[in-house]
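Chain by chain, the residues run as shown.
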Amino acid sequence: MKKKLIFIGTVIVIIFLLLFGTFKLMNARTFQLFGGLTDKVETNHKVVALTFDDGPTKNVDDIIALLKKYNIKATFFLIGNDIEEHPEEAKKLIEEGHQIGNHTYSHHRMILKSPSFIKEEIEKTDDLIREAGYSGEIDFRPPNGKKIVGLPYYLSKHDRDTVMWNIEPDTFYTVSADKIEYVNDNVTPGSIILLHAMYDRTGEELKTLEGVIQSLAEEGYEFVTVNELQGLERE
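Residues numbered from 1 in each chain as written. Predicted model: local features only at pLDDT ≥ 70, side-chain atom pairs only at ≥ 80, totals over all residues. Heavy atoms only, no water.

**Student:** Just checking my understanding: could you explain unusual backbone geometry for this structure?
**Tutor:** Trans is the prevailing form of peptide bonds, just as negative phi is the prevailing case for residues other than glycine. Cis geometry is found at the peptide bond from G55 to P56, where omega equals 15°. For D54, which is not a glycine, the phi torsion comes out positive at approximately 85°. Note that D54 resides in the loop between strand 2 (47–53) and helix 2 (60–69). One non-glycine residue, N144, lies in positive phi territory at about 60°. Residue placement: N144 occurs in the loop between helix 5 (115–131) and helix 6 (150–157). (Helix = DSSP H or I, 4+ residues; strand = E, 2+ residues; numbered from the N terminus.)

Structure representation (structure tokens):
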């Protein structure tokens, strides 16, 4: 009986460790099992990349206007479904010279999905990005940053980068002032900053964006796209 209890206890511990390891791997910002991942870049240049997830939506006009005010090019990870609903907004981002990335078609979490589902989600969105007029390299960012095996494997087989982030003010704070302070406290040369402004109807995200731009500019930071940032690695 004692041996049986020890065996059962050992099995429970192993299962717990496997589940915990899977959870950590799924949420890892700096590691994946296959292919290349960028969460920040090691560089001596005082530069950061502003990245936006989701959309495009009607908020594109306001975001573009604000970025244009400060002569900034950013990186937008767009959802295929939203591109279909707002094709003109996608074209505006491209015409303004911003980098466009793939954020899947439906924004489903890309874990425990079949290879065919992963393929369709990515390739369908790639096609929509190309149809909107984008000709540059299309990086990929998984919804909510979730990934385990299937997604990284597909991306590695197709020589695609997974672009994550190392600064995420929206995750920890709701008030603009707190978000700006968080960015200032955590930014380093080569940081990739994750922002969400596409679905905001309050204007708070635009206030955060402008505050981040102003405060980092005062500290001597310049703003580049993710591809430009990767080109500065180790320089």
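**Student:** For this particular structure, what's the right way to read a nonpolar patch on the surface?
**Tutor:** A surface patch of nonpolar side chains, amounting to about 330 Å² of accessible area, comprises L33, F34, V149 and Y153. Tracing the backbone through its elements, the reader meets F34 in the loop between helix 1 (2–27) and strand 1 (37–38). Looking at F34, the relative accessible area reads 30%, which means it is partly exposed. (Patch = residues over 30% accessible without salt bridge, like charges linked within 9 Å, V, L, I, M, F, W, Y side chains within 5 Å. Areas by Shrake-Rupley, 256 points an atom, 1.4 Å probe, with all protein chains shown as cover. Salt bridge = Lys/Arg side-chain N within 4 Å of Asp/Glu carboxyl O. Buried < 20%, exposed > 50% of the residue type's maximum accessible area, 1.4 Å probe, protein only.)

**Student:** Looking at this model, I keep getting lost on the packing of aromatic side chains. Mind explaining?
**Tutor:** Remark: the centre distance and the inter-plane angle together describe each pair of aromatic rings, the angle taken between the planes. Scanning the model with the defined rule gives three aromatic pairs in all. Residues F172 and Y182 carry aromatic rings whose centres are separated by 5.5 Å and whose planes lie at 50° to one another, so their mutual orientation is tilted. Residue F172 is located in helix 7 (residues 169–172), and its partner Y182 is located in helix 8 (residues 176–186); the two are separated by 10 residues in the primary sequence. Given a relative accessible area of 12%, Y182 falls into the buried group. Centre to centre, the rings of Y173 and Y182 are 5.9 Å apart; their planes meet at 50°, and the pair counts as tilted. Given the relative accessible area of 35%, Y173 is considered partly exposed. Each residue in the set F172, Y173 and Y182 is aromatic and connected to the rest through ring pairs, giving one cluster. Directly above the ring of Y221 sits K46, whose terminal nitrogen or CZ lies 5.1 Å from the centroid. A cation sits over an aromatic face here: K113 above F117, 5.0 Å from the ring centre. (Phe/Tyr/Trp six-rings, centres within 6.5 Å; stacked < 30°, edge-to-face > 60°. Lys NZ or Arg CZ within 6 Å of the ring centre and 35° of its normal.)

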